[in-house]
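Coordinate analysis (summary)
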Amino acid sequence: MSHAKFSPSSASRWVNCPGSIPLSEHAPPGKSSAAAELGTKAHQLFENALLGRVRLDGIKAHNPQDQEMYDAVALAVGWVKAFLPENAKIYTEKRLNIAKSAGLDADLWGTADLIAYNRDTLALIDYKHGLHPVSAKNNKQLLTYLLAFSKSWHKFDRIVAAIAQPRASKSFKVWDVPISTLEEWRNTVNYAILETRKPDPLLKTGGHCFFCPCKPICPAYLAEVEAKEAKDTEDFFKACGI
C-alpha cells in the first residue's frame, strides 16, 4: 500500500519533528505486523458492514480473535449509524488530495474511513481497532483530513471529528471542531512542511517517536536513550552506595 510522504496518520510526528521526513528516507524498511494486518481486516469489515454488504448480528466466528473483531466492528457500526446526520451522504475509504484542496505544496494526501455530510453538518469518522486509546479532540490525523474541505468549512454549521474505537472505549468519541482550530492547523502544517526543506530541520523527541521508523538512526532519539541509560546507571550506583 502506498503512502503519502506527509501522511495524515503520522501528522503528529512530522509536525512535531519535521526532520523525521528527510530522515525517514534513510530509515530501515518497515515490517508488517499481526496487529496491522488485523486492523486492515477490521477496517474492511467495518466498511462492508456499514454499507450493508455483510450482516454482523448473530454471526459466529471459528476462532476467538475473529469473534472479538466481529463484535467490536458491530458495536462501532451501531455507534456510527446512530450518529450519522439526517439524510447524510456518506463516502467510505475516500482518497483526499489534501495538499491541492488546502493550497499546500507537499505530497500530502490520505484515505478517510468515512465522510458524512448533509446541508448543516460535515463529519469525518475514523475507525480504530487498536487497544491504545485515541482521542478525537485535537486529533492531528483527523484535523489533517479536514484540511481537504478548507474551501467548504464556512458552508457548514457543524464540523465533527469522531473516533470509533470499540476495543478501547465504551463510547463513540465526538469532537466539534472550531473553524479557527482548522485554520490554525493549516498554518501549523504549512510551517512544518517548509521546515522539512531546511538544510538542518528540527529533530524533536516525544510521544510521537513511539511508531517512528527513524528511531534506529535518529541522533536526537539515540542521544536521549543514551542520556537515560547513563542516568539510570548513575542512580543504580548511588542506590548501592558505590
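For the structure, check the block above.
The paragraphs below set out a description of the structure included in this document. In this convention, every chain numbers its residues from 1, walking through the sequence in written order. Where local features are concerned, this predicted model is filtered to residues with pLDDT of at least 70; where side-chain atom pairs are given and counted, the filter is 80 or more; whole-chain, interface and lining totals use all residues. Only hydrogens and water are set aside; all other atoms, that is, all heavy atoms of the structure, feed into the side-chain values.

A few words now on a nonpolar patch on the surface. By definition, no residue in a patch forms a salt bridge, and every one has over 30% relative accessible area; like charges are joined within 9 Å, nonpolar side chains (Val, Leu, Ile, Met, Phe, Trp, Tyr) within 5 Å. Only the protein chains shown count as cover for residues, and all accessible areas are computed by the Shrake-Rupley method using a 1.4 Å probe. Any carboxyl oxygen of Asp or Glu within 4 Å of a side-chain nitrogen of Lys or Arg constitutes a salt bridge here. On the surface, Phe236, Phe237 and Ile242 cluster together into a nonpolar patch covering about 350 Å² of accessible area. Inspection of the secondary structure puts isoleucine 242 in the segment after helix H8 (219-240). A relative accessible area of 70% places isoleucine 242 in the exposed class. Helix and strand assignments follow DSSP, with helices taken as H or I runs no shorter than four residues and strands as E runs no shorter than two, numbered in order from the N terminus. Relative accessible area decides the class of each residue, using a 1.4 Å probe on protein chains only: under 20% of the type maximum gives buried, over 50% gives exposed, and in between gives partly exposed.

On to the packing of helix H3 (residues 34-50) against helix H4 (residues 64-83). Convention adopted: a line fitted to C-alpha atoms gives each axis, helices being fitted over their contacting stretch, and angles between N-to-C directions are expressed from 0 to 180 degrees. Running from N to C, H3 and H4 cross one another at 45 degrees; their axes reach a closest spacing of 9 Å. Relative to H4, the element H3 lies oblique. In the crossing of H3 with H4, the sense of the turn from one axis to the other is right-handed. Between H3, through Leu38, Lys41, Ala42, Leu45, Phe46, Ala49 and Leu50, and H4, the contact on the second element is made entirely by Gln65, Asp66, Met69, Tyr70, Val73, Ala76, Val77, Val80 and Lys81. Any angle from 65 to 115 degrees is called roughly perpendicular, while one under 35 is roughly parallel, one over 145 is roughly antiparallel, and all others are oblique. Each crossing is labelled by how the near helix is turned from the far one, with a counterclockwise turn of less than a right angle marking it left-handed and a clockwise turn marking it right-handed. The contact criterion used throughout is that any non-hydrogen atoms of two residues lie within 4.5 Å.

Take the pattern of salt bridges next. Side-chain pairs of opposite charge can arise whenever the charged atoms involved come near each other. According to the stated counting rule, one finds eleven salt bridges in the structure shown. The closest approach of N and O atoms between aspartate 232 and lysine 228, which form a salt bridge, is 3.0 Å. One end of the pair, aspartate 232, and the other, lysine 228, are both in helix H8, four residues apart, so they sit about a helical turn from each other. Overall, the relative accessible area of 53% leaves lysine 228 in the exposed class. Residue glutamate 234 pairs with lysine 238 through a salt bridge whose shortest N-O separation is 3.3 Å. One end of the pair is glutamate 234 and the other is lysine 238, both in helix H8 and four residues apart, which spans about a single turn. Given a relative accessible area of 58%, lysine 238 falls into the exposed group.

Keep in mind that these numbers describe shape and distance, not what the molecule does.
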